[in-house]
Amino acid sequence: MVVDKVASTAVLGVCGTLGFHETGKQIHCHALKSGFLSDLGALSIWSKMEKAGIKPDIVTFVLIISAYRHTNSNLVDHCQNLFLSMKTIYHIDPTVEHYTSLVGVLGYWGLLDEAEEMINKMPIQPEASVWRALLDACRIHSNKKIGNELQSIYLP
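Residues numbered from 1 in each chain as written. Predicted model: local features only at pLDDT ≥ 70, side-chain atom pairs only at ≥ 80, totals over all residues. Heavy atoms only, no water.

Colleague: Would you mind going over the pattern of salt bridges with me for this structure?
Modeller: Where side chains of opposite charge bring their charged atoms close, a pairing between them can arise. The full count for this structure, using the stated rule, is 4 salt bridges. In this structure, E117 engages K121 in a salt bridge whose closest nitrogen and oxygen atoms are separated by 3.0 Å. The exposed category is assigned to K121, whose relative accessible area is 61%. Ionic pairing is found between E149 and K145, a salt bridge with its closest N-O pair at 3.4 Å. Taken together, the residues span about one helical turn, with E149 and K145 both in helix α9 (residues 144-154) at a distance of 4 residues. According to the relative accessible area criterion, K145 is exposed, its value standing at 56%. (Salt bridge = Lys/Arg side-chain N within 4 Å of Asp/Glu carboxyl O. Buried < 20%, exposed > 50% of the residue type's maximum accessible area, 1.4 Å probe, protein only. Helix = DSSP H or I, 4+ residues; strand = E, 2+ residues; numbered from the N terminus.)

Colleague: I would appreciate a short explanation of helix α6 (residues 96-108) in the present structure.
Modeller: Since there are 3.6 residues in each turn of an α-helix, residues three or four apart along the chain are aligned in direction. Between its first and last C-alpha, α6 extends 18 Å over 13 residues, near the 18 Å set by a 1.5 Å rise per residue. Of all 13 residues that make up α6, 11 are buried, and the element is covered over most of its length. Within α6, the full set of buried residues consists of V96, H98, Y99, T100, S101, L102, V103, G104, V105, L106 and G107. Backbone geometry just after α6 places G110 at a positive phi near 85 degrees. (Expected span 1.5 Å × (residues − 1).)

Colleague: I keep staring at the packing of α6 against helix α8 (residues 128-140) and nothing clicks. Help me out?
Modeller: The geometry of a pair of packed helices is captured by two quantities: the angle between their axes and the separation between those axes. Running from N to C, α6 and α8 point in directions that differ by 10 degrees, and their axes come no closer than 8 Å. Taken together, the axis directions place α6 and α8 in an arrangement best described as roughly parallel. Of α8, the residues touching α6 (which contributes V96, Y99, T100, V103, G104, G107 and Y108) are S129, V130, A133, L134 and A137. Tallied by class, residues from the contact of α6 with α8 come to 8 nonpolar, 4 polar and no charged. (Axes fitted to C-alpha atoms, helices over the stretch in contact; angles between N-to-C directions. Parallel < 35°, antiparallel > 145°, perpendicular 65-115°, else oblique. Contact = heavy atoms within 4.5 Å. Nonpolar A, V, L, I, M, F, W, Y, C, P; charged D, E, K, R; others polar.)

Colleague: In this structure, what is going on with the side chain of T100? I would like to understand it.
Modeller: The topology assignment puts T100 in helix α6. The exposure class assigned to T100 is buried, which follows from its relative accessible area of 18%. Beyond its immediate stretch of four places on either side in the chain, T100 contacts S129, V130 and A133.

Right under this line is the structure:
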């Protein structure tokens, strides 16, 4: 079976429609690694979706929020506004996957304290994936202070 740009895009659309979140993430990662998509392309597609009035779903938000981590410029404010718009504009309650993605973006850009504060204020119980995103960011930025605090609290 040949998986090309067209097939990847079609499968991503089906995953979003059917709610296959994990499969959609895997296809997205494969498409990125294969060079079929770029995260900047994802942001461009998001912009076109907004202009066309296409309502995003839960999977779309996970993918677009994650895309902000891989841009060459710091667009954290745009990402945070998108995250907030999920509830205020699109009436979608953020899931753990959305919080994990946003923590990954904040952490990537070195906003570790802000990421930790967001986790502490989550209206849902943070899962291991959220803490892992923060710990990964601590490792990337050599922030032993937060990393050690989290380790002492969650890995006694």
